[in-house]
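# Chains, contacts and geometry: an overview
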Amino acid sequence: MSYYFYIYFYVEKKIFVKNNEINLRLDFFLKKKFSSYKRNFFQNLIKNKNVFVNKIYKKKNYLLKNNDVIEIFFKKKKFHYQKMKLHLLYEDEYILIINKKSGLVVHPGNGNKSMTLSNGLHFYFKNKKIMNDNYPFLVHRIDKGTSGLILVSKYENILNKISKQFWFNKIKRKYITLVWGIFFKKEGTIICNIGRCLKNKTHMNVFPNGCLGKQAITHYKVLETFKYFSLLKCSLETGRTHQIRVHLKYIGHPIFNDKNYGEDKKYKNFLSFKERIFLEKCLKTFKYQALHAYYLEFKHPIYLKNKYLISPIPEKFKFLLKKIKNFCL
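Here we summarise the structure given alongside this text. (Residues numbered from 1 in each chain as written. Predicted model: local features only at pLDDT ≥ 70, side-chain atom pairs only at ≥ 80, totals over all residues. Heavy atoms only, no water.)

## Here we look at the overall build of the protein chain
A tally of helices and strands in the protein chain yields 8 helices and 18 strands. Split into buried and exposed, the 329 residues of the protein chain put 47% on the buried side. In the protein chain, of all internal contacts separated by at least 6 residues, the share reaching a separation of at least 24 is 66%. (Helix = DSSP H or I, 4+ residues; strand = E, 2+ residues; numbered from the N terminus. Buried < 20%, exposed > 50% of the residue type's maximum accessible area, 1.4 Å probe, protein only. Contact = heavy atoms within 4.5 Å.)

## Some details on the layout of surface pockets
Leftover empty space is mapped by rolling, across the atoms, a probe with the size of a water molecule. Of the voids in this model, the second largest pocket is the one considered here, and its volume is about 660 Å³. For the second largest pocket, the lining is made up of 29 residues, of which Lys 100, Lys 101, Ser 102, Ser 147 and Pro 314 are closest to its centre. Residue assignment for the lining of the second largest pocket shows that the elements contributing at least two residues are strand S8 (95-100), strand S10 (147-153), strand S17 (291-299) and helix H8 (315-327). (1 Å grid on protein atoms, 1.4 Å probe; cavity = no way out; pocket = protein on both sides within 12 Å on 5 of 7 lines; lining within 4 Å. Points joined across faces, edges and corners; volume = space filled by probe spheres on them.)

## Some words on the environment of Arg 39
Here Arg 39 lies in helix H2 (residues 39-47). Distance in space between the C-alpha atoms of Arg 39 and Phe 29 is 9.3 Å, their sequence separation being 10 residues. Ignoring any residue separated from it by four or fewer positions in sequence, one finds Arg 39 in contact with Arg 25, Asp 27, Phe 28 and Lys 31. Side-chain polar atoms of Arg 39 contact the side chain of Asp 27, separated by 3.4 Å. (Polar contact = N/O pair within 3.5 Å; in protein donor to acceptor, adjacent residues only side chain to side chain.)

In structure tokens, the structure reads:
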């Protein structure tokens, strides 16, 4: 069942500058107020004259004064929402936690205007009579091919509370992944800046000298090894786009069947003919990167109690591990 809306509309937000907020740059102030958005989002809003200070257009580097009144016009787009089966692991009146399957896109975009998690959540919210003028508030996101836990806020004020935990690295996220190669050390930490690839803007890249990108920290621990492969547990200290995938490729251990950052073809050269045939079967059976977000821990924004959830490894991932383990014996 689908309902179609492609109407653009504007939502006005009005903010009053307080004493302790004077002398902040306009773009930085807005990013601080709406932490779920990136700073360049507000820079573009300002550039397109959708932000006014005291009814007057100001540039992004304008320094705020006491009692300034800021008006922001957010351009929104309602999209069609669709009924779909959502695997809910937890829900209360403020938040819900979903176990996303691999292959499901989180947000609508080019080539994915329907059947995304956001479409399904919008339908779910409508049936629950949780209505607001925005998309469902996904606190964070994971890639299309990655399975696992996603935290969703039902209201914008709750989103802002949880986003602060992300900002101060208070939310713990752990992943299970199968990668190429054997590790000499059983655990370690990767600290390297990550930013948009200069040649391909859809990909991320490591900038080891720190001149570009933003700092990213990934901790890993080897759980098991299978001749050519290692099963890892990864913990995020930061949340950059494609962080685990990019970091693991950088240290020479790309994730199995990662279409963008994997190097499955390169590793085929080290395999026997029999092993190559087996690998081809695995790649056809397991369509996406072998990465699963299995652990999420945070402080509830209202009840203020630590909450954690664990999502078991999906059956397809388990089957892949079993096949590789038996083959590598």
